[in-house]
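Below, each chain spelled out in residue letters.
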Amino acid sequence: MKPLDLLQQSLRKPVLVELRGGRRIRGTLESYDQHLNLVLSAAEEQDPSATAPTPRPGLTLVRGDSVIFISP
Amino acid sequence: MKPLDLLQQSLRKPVLVELRGGRRIRGTLESYDQHLNLVLSAAEEQDPSATAPTPRPGLTLVRGDSVIFISP
Amino acid sequence: MKPLDLLQQSLRKPVLVELRGGRRIRGTLESYDQHLNLVLSAAEEQDPSATAPTPRPGLTLVRGDSVIFISP
Amino acid sequence: MKPLDLLQQSLRKPVLVELRGGRRIRGTLESYDQHLNLVLSAAEEQDPSATAPTPRPGLTLVRGDSVIFISP
Amino acid sequence: MKPLDLLQQSLRKPVLVELRGGRRIRGTLESYDQHLNLVLSAAEEQDPSATAPTPRPGLTLVRGDSVIFISP
Amino acid sequence: MKPLDLLQQSLRKPVLVELRGGRRIRGTLESYDQHLNLVLSAAEEQDPSATAPTPRPGLTLVRGDSVIFISP
Amino acid sequence: MKPLDLLQQSLRKPVLVELRGGRRIRGTLESYDQHLNLVLSAAEEQDPSATAPTPRPGLTLVRGDSVIFISP
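Here's what I pulled together on the structure shown here. (Residues numbered from 1 in each chain as written. Chains lettered and ligands numbered in written order. Predicted model: local features only at pLDDT ≥ 70, side-chain atom pairs only at ≥ 80, totals over all residues. Heavy atoms only, no water.)

**Things to note about empty space enclosed by the protein**
One pass over the full model with this rule turns up 2 cavities of 30 Å³ or more. Every residue along the wall of the largest cavity is listed here: Leu-59 and Leu-61 of chain E together with Leu-6, Leu-7, Ser-10, Val-15, Ile-70, Ser-71 and Pro-72 of chain G. Among the elements of the structure, strand E4 (54-62) of chain E together with helix H1 (3-10) and strand E5 (67-71) of chain G are those that each provide at least two residues to the lining of the largest cavity. Broken down by element, the residue count for the lining of the largest cavity peaks at 3 residues, all from H1 of chain G. When its residues are assigned to classes, the lining of the largest cavity shows 7 nonpolar, 2 polar and no charged. (1 Å grid on protein atoms, 1.4 Å probe; cavity = no way out; pocket = protein on both sides within 12 Å on 5 of 7 lines; lining within 4 Å. Points joined across faces, edges and corners; volume = space filled by probe spheres on them. Helix = DSSP H or I, 4+ residues; strand = E, 2+ residues; numbered from the N terminus. Nonpolar A, V, L, I, M, F, W, Y, C, P; charged D, E, K, R; others polar.)

**Here we look at the arrangement of the chains**
These two, chain B and chain D, are apart from each other, with no contact and a minimum C-alpha gap of 13 Å. Where chain E comes nearest to chain F, the C-alpha atoms are still 13 Å apart, and the two do not contact one another. (Contact = heavy atoms within 4.5 Å.)

**Notes on the packing of aromatic side chains**
Overall, the coordinates contain 0 aromatic pairs over all chains when judged by the stated rule. A cation over a ring is seen here: Lys-2 of chain B above Tyr-32 of chain A, with NZ or CZ 5.3 Å from the ring centre. (Phe/Tyr/Trp six-rings, centres within 6.5 Å; stacked < 30°, edge-to-face > 60°. Lys NZ or Arg CZ within 6 Å of the ring centre and 35° of its normal.)

**Observations regarding the interface of chain A and chain B**
Contact residues are listed per partner, giving 20 residues for chain A and 22 residues for chain B. Counting each side, the surface lost to burial between chain A and chain B is near 1,800 Å², with a carbon and sulfur contribution of 57%. Considering only the side of chain A, the residues that lose the most area to chain B are Arg-23, Leu-61 and Arg-63 of chain A, jointly responsible for 39% of the buried surface there. Linking chain A with chain B are 3 salt bridges. Across the pair Glu-45 of chain A and Arg-24 of chain B runs a salt bridge whose closest N-O atoms are separated by 3.7 Å. Among the secondary structure elements, those contributing two or more residues to the side of chain A that touches chain B are strand E2 (24-32), strand E3 (38-45) and strand E4 (54-62) of chain A. Looking at the side of chain A that touches chain B residue by residue, the classes come out as 9 nonpolar, 5 polar and 6 charged. (Buried area = accessible area lost by both parts, 1.4 Å probe. Salt bridge = Lys/Arg side-chain N within 4 Å of Asp/Glu carboxyl O.)

**Thoughts on the layout of surface pockets**
It is a probe the size of a water molecule, rolled over the atoms, that shows where empty space is left. A volume near 850 Å³ is recorded for the second largest pocket. Looking at the lining of the second largest pocket, its residues break down into 8 nonpolar, 17 polar and 11 charged.

**As for the pattern of salt bridges**
Residue and element names in this part refer to chain A. Going through the model one piece at a time under the given rule, you end up with 49 salt bridges over all chains. A salt bridge links Arg-63 to Asp-65; its shortest N-O distance comes to 3.4 Å. By relative accessible area, which is 9% here, Arg-63 ends up buried. (Buried < 20%, exposed > 50% of the residue type's maximum accessible area, 1.4 Å probe, protein only.)

**Some remarks on helix H1 (residues 3-10) of chain C**
All names here are of chain C. Buried residues of H1: Pro-3, Leu-6, Leu-7 and Ser-10, and no others. The arc that holds every buried residue of H1, seen down its axis, measures 100°, which confines them to one face. Directly beyond the C-terminal end of H1, a positive phi value near 70° is found at Arg-12. (Arc of directions from axis to C-beta.)

**Quick notes on the interface of chain D and chain A**
Contacts between the two partners involve 20 residues from chain D, matched on the other side by 22 residues from chain A. Carbon and sulfur atoms supply 57% of the area that chain D and chain A bury against each other, a total of about 1,800 Å² over both sides. If you sort the residues of chain D by the area they bury against chain A, Arg-23, Leu-61 and Arg-63 of chain D come out on top, with a joint share of 39%. Applying the counting criterion to the chain D and chain A interface returns 8 residue pairs in polar contact (both at pLDDT 80 or more). (Polar contact = N/O pair within 3.5 Å; in protein donor to acceptor, adjacent residues only side chain to side chain.)

**Comments concerning the pairing of strand E1 (residues 14-19) of chain E**
Residue and element names in this part refer to chain E. Among the 6 residues in E1, 5 count as buried, and that is most of the element. Relative to strand E2 (residues 24-32), E1 is paired through 5 bridges, and the arrangement is antiparallel. From the neighbouring strand, Pro-14 faces E2, where its bridge partner is Thr-28. Of the pairings in the sheet, the one linking E1 to strand E5 (residues 67-71) comprises 4 bridges and is antiparallel in character. Within the sheet, the bridge partner assigned to Leu-19 lies in E5 and is Val-67. (Pairing = 2+ DSSP bridges.)

Structure representation (structure tokens):
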């Protein structure tokens, strides 16, 4: 299984995405492309300096260049 | 739906764009291209160190390379 | 209107350009290219740590790679 | 042996991956591609500011652009 | 006039070059190429933390990727 | 001798590799490619904040993009 | 004279190379390529936080991507 095939298996499942600059976003993976651009539903930013996550309504587009790693 | 198609659905709707360097800008998505360059109307920069957002008159062009994620 | 067409409409008009590293420059847009390289006249750097902007005589060339967003 | 061939030999073995921004992740290498995108199983982020590693269930996709070095 | 044509007009004239990382260098523009690589004569680094600029004898080559903006 | 030919001469010899983010790694150069990806044996990370280097067993793959300079 | 031709003239002469992250290295230019990869002999890192430069024996390979500017 090539690395990007892992995203195919993660469709419709919750993912935790680590981003540049220490940011972290959690949501359900709805779509991706070969640049690792991602669409997440029910996304919540996990702000380490905040006491609660910041919920994002609707669909969130994450730019692939910002991604460090993605885990379930 | 491929990630960039999400932007097609977001046209004329409010978006919140997280940018590099901790910047955040809110506005109505008027246009985009495949590099994630965006045109926003009624944009307001959300400066975490400021007490009120900085409104931007007219149309704002956001360079795609600066985008981390885009949510409604 | 595609994002870069916005710059065509902004020619000869004042723009505020946010740059990497927290820099900000204001001036009149005289020219641009597809890499978002910009030529500004009567440019003034807006230094957040300075009490007054630093005026730049003549024409200033801004490298497109440094641009985060451009607003009127 | 070319550098990327080393990853072929590391398949199914534990690796320690140093990432940009001072992050470090440990896991078993399950897959890779020529961009150094990696799939790790049983991954644990080694957070220098935390007392214990943060375990990641399932498979983790590490974006090659974020990798600084990989060791056993 | 396209942005890079501005450099043609600046040949043999003094320029102030803002660089990444808060660096700033002043000198006479002797040459450039399409990547914005520059050759400066009589260059002086303007170190914000120093009381006097650091003069550079001979010709200085500035890598285009490091340039943020160039003004007279 | 072109720059990358220097690496050919350094094969099987100790090298000190300076990396982005202030990291430094020492080891024996076992392999390289044209992207400056490196394989080091008996690698030791030289952590400026640690009292002793962190030894890395086996072979370490250093991503070329992370390299600043390489010396004997 | 195009910018990279300056390096041809600097062969076998001392150069001071400013690098990303505030690093600075001094040495004799022995070779270069079009990516600004450099080979320096008798290189010494000029560490602003150290009282004396760190000498590097043999030949040092500097990755072009790390170079900000080069002066005599």
